[in-house]
Amino acid sequence: MKYLILVLALAATPAVAQVTAETANPLAGKADAIEAGHALFGQMNCAGCHAYDLTGGMGPDLTDNSWQYGGKPGEIFHTIAEGTPRGMPAWNDKLTQDQIWQIVTYIQSKHAN
Amino acid sequence: MAFRRFLLGAALVMATPALGAGDTAPANKSFTGATANLAPGDAPGQWTRQARDYANTRYSPLSQINKANVGKLRIAWTFSDGQMYGHEGAPLVVGDTMYLVTPYPNIAYALDLSKAGAPIKWVFQPNPDPRSIGEACCDKVLRGWAYADGKLIYNLLDDHTVAVDAATGKEVWRTLLDDVTKGPTMTQAAFVVGNKVFVGSSGGELGTNGWFAALDVKDGHIVWKALTNGPDSTMLIGPDFKPFYPWMVGKDLGVSTWPNDMWKQGASAPWGWVSYDPDLNQIYYGTSNPGPRTPSQRPGLNLWSAAVFARDADTGAAKWAYQFTPHDEWDYDGINENVLIEIPWKGARRKVMVHFNRNGFAYTIDRATGEVLVAEPFGLQNWAKKVDLATGMPIVNDAAHPIVEKKVENICPPDIGVKNWNPSAFSPRTGLLYAGVFNSCMDLTNHEVRYIPGAPYDGMEMVRHAGPGGNWGEFIAWDPVKGKRIWSIKENLYVWSGAVVTGSDLVFYGTMDGWFRAVDARSGKVLWSQKLGSGITAAPMTFLGPDKRQYVAVYAGVGGGAGVLRRENGFMPGGNTLYVFSVDGMGIGNGTTQLVSHATAAAPISVPPAAAHN
């Protein structure tokens, strides 16, 4: 049931791509965004590639400081929204802009710096 | 300090065989009386298919390299292919040519063994779709390639099978088998019998629906294709299908043993080895774990996941099947190799297959009927009390059931099993099988997941740890009749390489920390070891060169599922080098008889110095 509601909520509002590499994360450091991003990280099967502790497996480690497609919040946003040529799916048709920022916030929360 | 003493103790037992009492057999006598049909009976020096024969023995009759001279094995030549994903296949040698195929992007090389240094004859670059990179669960590997009818035939990660002219390196045909953007990939080693090439899908963690297909060797058209879950008609299950155990008998069990339509994402992908049985004209292959890996979401037996199929090699009609792990809760799979042998059994000879399952039991199964004759643990496991031979069902330990959002500690083995796809070898001389195995457990927390096409459909969060002794791996000799170990060699990390055994009773295998070893097949004594440039997760092989000299070859390029240990001490960086060994490192153009080449010839200089750099 929980999933059904989520799916309905996702059906509309594709992520709008006015975000640039320099765009600041509007949710940076917010506890509720971190929690929501954590939930989405499991629900959208991100953990299947990047592991539940984000240290990678099938996909890259998200806890180190090596970013193939840039580690600024706006760059991480774009990687999630549009995918990459090396296997990361595009999520802009499945997640709202807010939800993508929530996942970015969660990933940022796992970084020491 | 106590910890240090423990470590020291562990180090001392490494590479020292433990021989069971009373398990010695004199030279040239078999331990078990087991034999094998080594069809198609290639010339002894050739290696034209991954496991050398249809039965999947990986036995070579060669004996030039023997216990007396194996200590003098040295590198004859090497070849780096430049690709950094895990290397898992064995080279093929057909005539005077060696064939290699890299992991993604699946580049094929033909090397001319008749010339000094085995130079490249041709290179073939198939350029598979890079979107496949993100869909391969366990590194971007390829487990092997096949030679037949003057063609090199193999799978591409992007769900094509391709055939290349073995003389010229030109593409002959390429057949599309699935849609990589939805999750399936192809990493399996194509297997050829007669005019058919057998291939299967990968993607046990991607919500795929597995399939197995036979293609025509001449033009690549699909002769038959069988799903591994679904209605009987889509699985080529008909009147010939006679499973031995009644719980696998019924109509459309590939649908009714799943909730709703979950079989459609139920994986059961046949990504492992294929064997062929000329006596019964049957092929055998296994299926992967069910999807999603979280079992609470898919109550039921989940047929035909984690199972082995016997099919008519011509029509694909299913003959029997056996599910090793009903309702697989731990990702134990069923894709490991099925080695076809004959054993003495209750006063008669039985045609059987031996299968080391990830679940920790080694099964000896009648290959005409699917009856399980022997099912004994070959390593550390605690998920099942035993396999009940009356029903064919495992008796599951209650404490081993995973729980959603709760950590269940110390389930043995973890998802990757007591042995993974890394193929074993069988010697008709000793009557034993030889296998690299794992000694480990997991703390498992399950999560419910939902299906998103092209994304993992998984749900297992786990921490793996080494089992008793602290060593992650072992290499063992196994008696398939009594179902027991004969000897074992402890290793620091998982032993995730294949094995080859020879007519001189030598077994070769490699370790993840880069040691390539030769072992006495009877005693388990390590006779020779050589440190290579990367960990070994490929299968070794042996062949006679055009110079009639015996060589042993293995890729060092750690990767694939073995990457789960990438943070352990001793795990080596990736690599891509094929190492070829001979006694004293001799070979065409090597050593004191070195060929006078362009590099060494004292020719008069008639070329401007700058041109020499071109």
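**Student:** Provide a residue-level description of the sheet that holds strand E37 (residues 541-544) of chain B, including the pertinent values.
**Tutor:** In a beta sheet, neighbouring strands are held together by backbone hydrogen bonds and run either parallel or antiparallel to one another. Residues and elements named next belong to chain B. Strand order in the open sheet formed by 4 strands is E3-E39-E38-E37, and the pairing between neighbours is antiparallel. The open sheet has two edge strands with one neighbour each: strand E3 (73-80) and E37. Strand-to-strand twist across the sheet, computed as the mean angle between neighbouring axes with direction ignored, equals 30°. Here 5 bridges tie strand E38 (residues 550-556) to strand E39 (residues 577-583), and the two strands are oriented antiparallel to one another. Counterpart to Tyr555 in the pairing with E39 is Leu578.

**Student:** Can you lay out the pairing of strand E22 (residues 361-366) of chain B for me, pointing to particular residues and giving the numbers?
**Tutor:** Residue and element names in this part refer to chain B. With 6 of 6 residues buried, E22 lies mostly within the body of the structure. Alternating positions in E22 separate into two faces, Phe361, Tyr363 and Ile365 on one and Ala362, Thr364 and Asp366 on the other, with burial throughout. In sequence, strand E21 (residues 348-356) turns back onto E22 through a hairpin of 4 residues, with Gly360 there showing a positive phi of about 100°. As paired strands, E22 and strand E23 (residues 372-377) are joined by 5 bridges and run antiparallel to one another.

**Student:** Can you tell me about the nonpolar core, naming the residues and giving the values?
**Tutor:** Residues and elements named next belong to chain B. Counting 54 residues, the largest nonpolar core has Trp77, Tyr154 and Phe508 as the members making the most contacts within it. When residues of this core are assigned to their parent elements, the largest contribution, 6 residues, is made by E38. Residue contacts for Phe508: discarding those within four places in its chain leaves Val70, Leu73, Gly498, Ala499, Val500, Thr502, Phe516, Arg517, Ala518, Trp528, Pro540 and Val552. With 52 residues, the next largest nonpolar core counts Met248, Ala310, Ala321 and Tyr322 among its residues.

**Student:** Would you mind going over unusual backbone geometry in detail, with residue names and values included?
**Tutor:** All names here are of chain B. Here Tyr104 and Pro105 are connected by a cis peptide whose omega angle stands at 10°. Along the chain, Pro105 falls in the loop between strand E5 (97-101) and strand E6 (108-112). The step from Leu303 to Trp304 runs through a cis peptide bond, and the omega angle for that step is 15°. Looking at the secondary structure, you find Trp304 in the loop between strand E17 (282-286) and strand E18 (307-312). Not every positive phi belongs to a glycine, and Asp139 is a case in point at roughly 80°. Tracing the backbone through its elements, the reader meets Asp139 in the loop between strand E7 (120-124) and strand E8 (146-148).

**Student:** Residues and numbers for the interface of chain B and chain A, please.
**Tutor:** Contacts between the two partners involve 25 residues from chain B and, on the opposite side, 21 residues from chain A. One salt bridge connects Arg567(B) with Asp61(A), and the closest N-O pair in it is separated by 3.6 Å. The interface formed by chain B and chain A includes 5 residue pairs in polar contact (both at pLDDT 80 or more). Considering only residue class, the side of chain B that touches chain A consists of 12 nonpolar, 4 polar and 9 charged.

**Student:** Tell me about the side chain of Gln323(B), and name the residues and values.
**Tutor:** Residue and element names in this part refer to chain B. Looking at the element boundaries, Gln323 is found in strand E19 (residues 318-323). A polar contact is formed between the side chain of Gln323 and the backbone oxygen of Leu301, at a distance of 2.9 Å. Reaching out from Gln323, the side chain makes a polar contact with the backbone oxygen of Asn302 at a distance of 3.4 Å.

**Student:** Give a description of the state of the cysteines that names residues and reports values.
**Tutor:** All names here are of chain B. Across all of its chains, the model carries 2 disulfides over all chains by this definition. The disulfide that involves Cys137 links it to Cys138, with 2.1 Å between the sulfurs. The sign of the -100° torsion about the S-S bond sets the Cys137-Cys138 disulfide as left-handed. A sulfur-sulfur separation of 2.1 Å characterises the disulfide bridge that pairs Cys412 with Cys441. Its S-S torsion of approximately 95° makes the covalent link between Cys412 and Cys441 right-handed.

**Student:** Outline helix H5 (residues 97-109) of chain A, supporting the account with residue identities and numerical values.
**Tutor:** Residues spaced three or four apart along an α-helix face the same direction, because each turn holds 3.6 residues. In this model H5(A) runs 18 Å from its N-terminal to its C-terminal C-alpha over 13 residues, within 8% of the 18 Å that 1.5 Å per residue would give. Of the residues making up H5(A), those classed as buried are Gln99(A), Ile100(A), Trp101(A), Gln102(A), Ile103(A), Val104(A), Thr105(A), Tyr106(A) and Ile107(A).

**Student:** So what's going on with helix H4 (residues 73-82) of chain A? Residues and values would help.
**Tutor:** Residues and elements named next belong to chain A. Summarising burial for H4: 7 of the 10 residues are buried, a large majority. Along H4, the residues classified as buried are Gly74, Ile76, Phe77, His78, Thr79, Ile80 and Ala81. Along its buried surface, H4 packs onto H5. Positive phi shows up at Gly83, right after H4, with a value of about 75°.

**Student:** Give me the packing of H4(A) against H5(A): which residues, what numbers.
**Tutor:** Residue and element names in this part refer to chain A. Interhelical geometry of H4 versus H5 gives an angle of 120° and a closest axis separation of 9 Å. Between H4 and H5, the angle falls in the class oblique. For H4 against H5, the interelement crossing comes out right-handed. Packed against H4, whose contacting residues are Pro73, Gly74, Ile76, Phe77, Ile80 and Ala81, the element H5 presents Gln97, Ile100, Trp101, Ile103, Val104, Ile107 and Gln108 at the interface. Residues that form the contact of H4 with H5 fall into these classes: 10 nonpolar, 3 polar and no charged.

**Student:** How would you sum up the packing of aromatic side chains? Please name residues and give values.
**Tutor:** Applying the stated rule across the entire model yields 44 aromatic pairs over all chains. Summarising the aromatic geometry, the rings of Phe212(B) and Trp224(B) are spaced 6.1 Å apart at their centres and angled 35° between planes, so their arrangement reads as tilted. Of this pair, Phe212(B) sits in strand E14 (residues 211-216) while Trp224(B) sits in strand E15 (residues 222-227), and the two are 12 residues apart along the sequence. Considered together, Phe212(B) and Trp224(B) belong to a single accessibility category, that of buried residues. Taking 6.2 Å as the distance between ring centres and 65° as the angle between the ring planes, the aromatic pair formed by Phe356(B) and Trp478(B) counts as edge-to-face. Of the two residues, Phe356(B) sits in strand E21 while Trp478(B) sits in strand E31 (residues 473-479), which places them 122 residues apart along the sequence. Comparing Phe356(B) with Trp478(B) shows no difference in burial state: the two are buried. Chaining the aromatic ring pairs together yields one cluster made of Phe244(B), Tyr245(B), Tyr322(B), Phe324(B), Trp330(B), Tyr332(B), Phe361(B), Tyr363(B) and Trp383(B). Cation over ring: Lys94(A) sits above Trp91(A), and NZ or CZ is 5.4 Å from the ring centre. Residue placement shows Arg58(B) over the ring face of Trp273(B); its charged tip is 4.8 Å from the ring centre.

**Student:** Break down the sheet that holds E6(B) for me, citing the residues and quoting the values.
**Tutor:** Residues and elements named next belong to chain B. Ordered in space as E4-E5-E6-E7, the 4 strands form an open sheet in which the pairing is antiparallel. Bordering the open sheet on either side are strand E4 (92-94) and E7, each of which pairs with just one other strand. Strand-to-strand twist of the sheet, defined as the mean angle between neighbouring strand axes without regard to direction, takes the value 20°. Summarising the sheet, E5 and E6 pair through 5 bridges and their orientation is antiparallel. Within the sheet, the bridge partner assigned to Met98 lies in E6 and is Leu111.

Thresholds applied
Residues numbered from 1 in each chain as written. Chains lettered and ligands numbered in written order. Predicted model: local features only at pLDDT ≥ 70, side-chain atom pairs only at ≥ 80, totals over all residues. Heavy atoms only, no water. Pairing = 2+ DSSP bridges. Helix = DSSP H or I, 4+ residues; strand = E, 2+ residues; numbered from the N terminus. Axes fitted to C-alpha atoms, helices over the stretch in contact; angles between N-to-C directions. Buried < 20%, exposed > 50% of the residue type's maximum accessible area, 1.4 Å probe, protein only. Core = buried A, V, L, I, M, F, W, Y, C linked by side-chain atoms within 4.5 Å. Contact = heavy atoms within 4.5 Å. Salt bridge = Lys/Arg side-chain N within 4 Å of Asp/Glu carboxyl O. Polar contact = N/O pair within 3.5 Å; in protein donor to acceptor, adjacent residues only side chain to side chain. Nonpolar A, V, L, I, M, F, W, Y, C, P; charged D, E, K, R; others polar. Disulfide = S-S within 2.5 Å. Expected span 1.5 Å × (residues − 1). Parallel < 35°, antiparallel > 145°, perpendicular 65-115°, else oblique. Left-handed = near helix turned anticlockwise from the far one by under 90°. Phe/Tyr/Trp six-rings, centres within 6.5 Å; stacked < 30°, edge-to-face > 60°. Lys NZ or Arg CZ within 6 Å of the ring centre and 35° of its normal.

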